[in-house]
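For reference, the chains in residue letters:
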Amino acid sequence: MRKLAMVDLIGQYEKIKPEIDKAILDVLASAAFINGPEVKSFQAELEKYLGVKHVIPCANGTDALQIAMMALGLQPGDEVITASFTYVATAEVIALLKLKPVLVDVIPGTFTIDPVAFEKAITSKTKAVVPVHLFCQCAQMDKIMDIAKQHNLFVIEDAAQAIGADYVMPNGASVKAGTIGTIGSTSFFPSKNLGCYGDGGAIFTNDDDLAKKMRMIANHGQSVQYYHDEIGVNSRLDSIQAAILRIKLRHLDAYAAARNSVASYYDKAFANHPKVTIPARETNSTHVFHQYTLVLNGCDRVAMREFLAAKGIPSMIYYPVPLHFQKAYTDPRYKAGDFPVTEHLCANVISLPIHTEMTPADLEFIVSGVLEFINK
Ligand SMILES: *Cc1c(COP(=O)(O)O)cnc(C)c1O
């Protein structure tokens with residue numbers, strides 16, 4: 001059997017190789033490496049796919065969050081609420097801009113920010129909330145938007161893992177992850193659901209003024225060359241990555257379907273097993289399974305990973321350390337036990353391989369390995 005991987009980017013590339021190779025060669029021949037026509041076409045195609053007025057391509061998902069926060073005019077000391085169970089980038093940019101990250105716990109089954117905890121954490125200094133659509137399922141955006149509106153807060157959706165997920169709003173409208181809040185951000189890191197072959201990211205908004213400002217900030221704060229109205233950054237998506245993304249965007253829904261069939265297979269295999277809990281589904285969101293994550297119940301995770309690795313089955317821990325236990329983010333406000341759900345998840349989650357190229361034989365083999373361990 002071929003080697004199993006958490007994500008199979010080579011297998012995926014092989015299926016679209018002629019299209020991709022031609023697109024890259026075309027960019028090489030045009031030498032329009034920066035801000036070329038491919039970037040503008042990708043931007044327009046992604047706007048259409050997401051049903052959003054403005055897409056601002058940038059260099060990566062972390063920059064996307066940073067540019068969003070810069071554009072909102074947040075001041076040092078302003079409080080920004082986010083989930084304690086997330087990838088570090090979310091909190092990193094808040095801290096980098098000298099804003100104050102305020103952490104709140106997540107919902108046990110879906111791993112997304114708990115709206116009740118969010119509301120409790122609001123103070124007179126709170127200016128924004130960053131819900132993270134973790135593992136490719138939306139946070140409870142209806143509730144989050146209501147609370148944010150009542151308290152006059154900006155909502156920045158970290159949709160780095162959630163591109164393509166749909167959310168049904170209370171009025172019945174189905175909208176794409178990242179287009180609900182004031183601003184949404186995403187990442188095109190190679191292993192993300194829409195990944196390029198290097199770094200890339202984008203910001204989304206329906207607000208014309210914010211879009212204009214974010215475009216300026218991403219481009220050294222200039223709208224006219226050499227006239228700098230804002231302090232900005234240099235954050236660009238290059239044309240080769242845009243050309244690759246244009247092709248992969250056409251496959252994104254098929255990729256999502258492939259990921260969902262893997263998730264259904266795992267669900268069936270592990271549902272109702274006393275030793276594991278399968279990921280819960282949010283009623284108003286589709287799930288596009290950036291990760292398939294089980295919560296273990298009384299299993300030795302280290303031993304399980306060793307057992308699986310010995311059979312050639314990879315696994316990962318997203319994420320092993322809660323933000324408030326990270327050395328760089330230790331804070332006298334927080335101590336062990338403050339975010340019990342996050343702490344429990346960090347100690348007990350395990351993610352299994354999930355990608356667009358998995359075969360029934362791969363799945364059978366992985367499931368039998370996991371069952372062998374948890375049935376011991
Ligand atoms: C990947 C990721 C980011 C950062 O994206 P980069 O492109 O790697 O900078 C931010 N937030 C979350 C939740 C992510 O998963």
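In what follows, the structure referred to is the one given above.
Residues numbered from 1 in each chain as written. Predicted model: local features only at pLDDT ≥ 70, side-chain atom pairs only at ≥ 80, totals over all residues. Heavy atoms only, no water.

Explanation requested: helix H8 (residues 239-270) in the structure shown.
For the α-helix, the turn length of 3.6 residues means that residues three or four positions removed from each other point alike. Here H8 is 32 residues long and its end C-alpha atoms lie 43 Å apart, about the 46 Å a rise of 1.5 Å per residue gives. Along H8, the sharpest kink reaches roughly 50°, centred on histidine 251. Taken from the residues just after H8, asparagine 272 is the one with a positive phi, measuring 65°. (Helix = DSSP H or I, 4+ residues; strand = E, 2+ residues; numbered from the N terminus. Expected span 1.5 Å × (residues − 1). Bend = angle between axes of the 7 residues up to and from the residue.)

Before we go on, may I ask you to explain the packing of aromatic side chains in this structure?
Applying the stated criterion to the full structure yields 13 aromatic pairs. Geometrically, the ring pair formed by tyrosine 266 and phenylalanine 270 is stacked, given 6.1 Å between the ring centres and 20° between the ring planes. Taken together, the positions of tyrosine 266 and phenylalanine 270, both in helix H8 and four residues apart, correspond to about one turn of that helix. With relative accessibility at 0%, the residue tyrosine 266 sits in the buried group. Following the ring pairs from residue to residue traces out a cluster consisting of Phe85, Tyr87, Phe111, Phe135, Tyr318 and Tyr319. (Phe/Tyr/Trp six-rings, centres within 6.5 Å; stacked < 30°, edge-to-face > 60°. Buried < 20%, exposed > 50% of the residue type's maximum accessible area, 1.4 Å probe, protein only.)

Explain the site of the ligand here, please?
Close to the ligand lie Asn60, Gly61, Thr62, Tyr87, Ala89, Val132, Asp158, Ala160, Gln161, Ser187, Lys192 and Gly200. In this structure, an oxygen atom belonging to the ligand sits 2.8 Å away from a side-chain N or O atom of glutamine 161. Between an oxygen atom of the ligand and a side-chain N or O atom of lysine 192, the distance comes to 3.1 Å. Burial of the ligand by the surrounding chains reaches 92%, relative to a free accessible area of 390 Å². (Near = heavy atom within 4 Å. Polar contact = N/O pair within 3.5 Å; in protein donor to acceptor, adjacent residues only side chain to side chain. Areas by Shrake-Rupley, 256 points an atom, 1.4 Å probe, with all protein chains shown as cover.)

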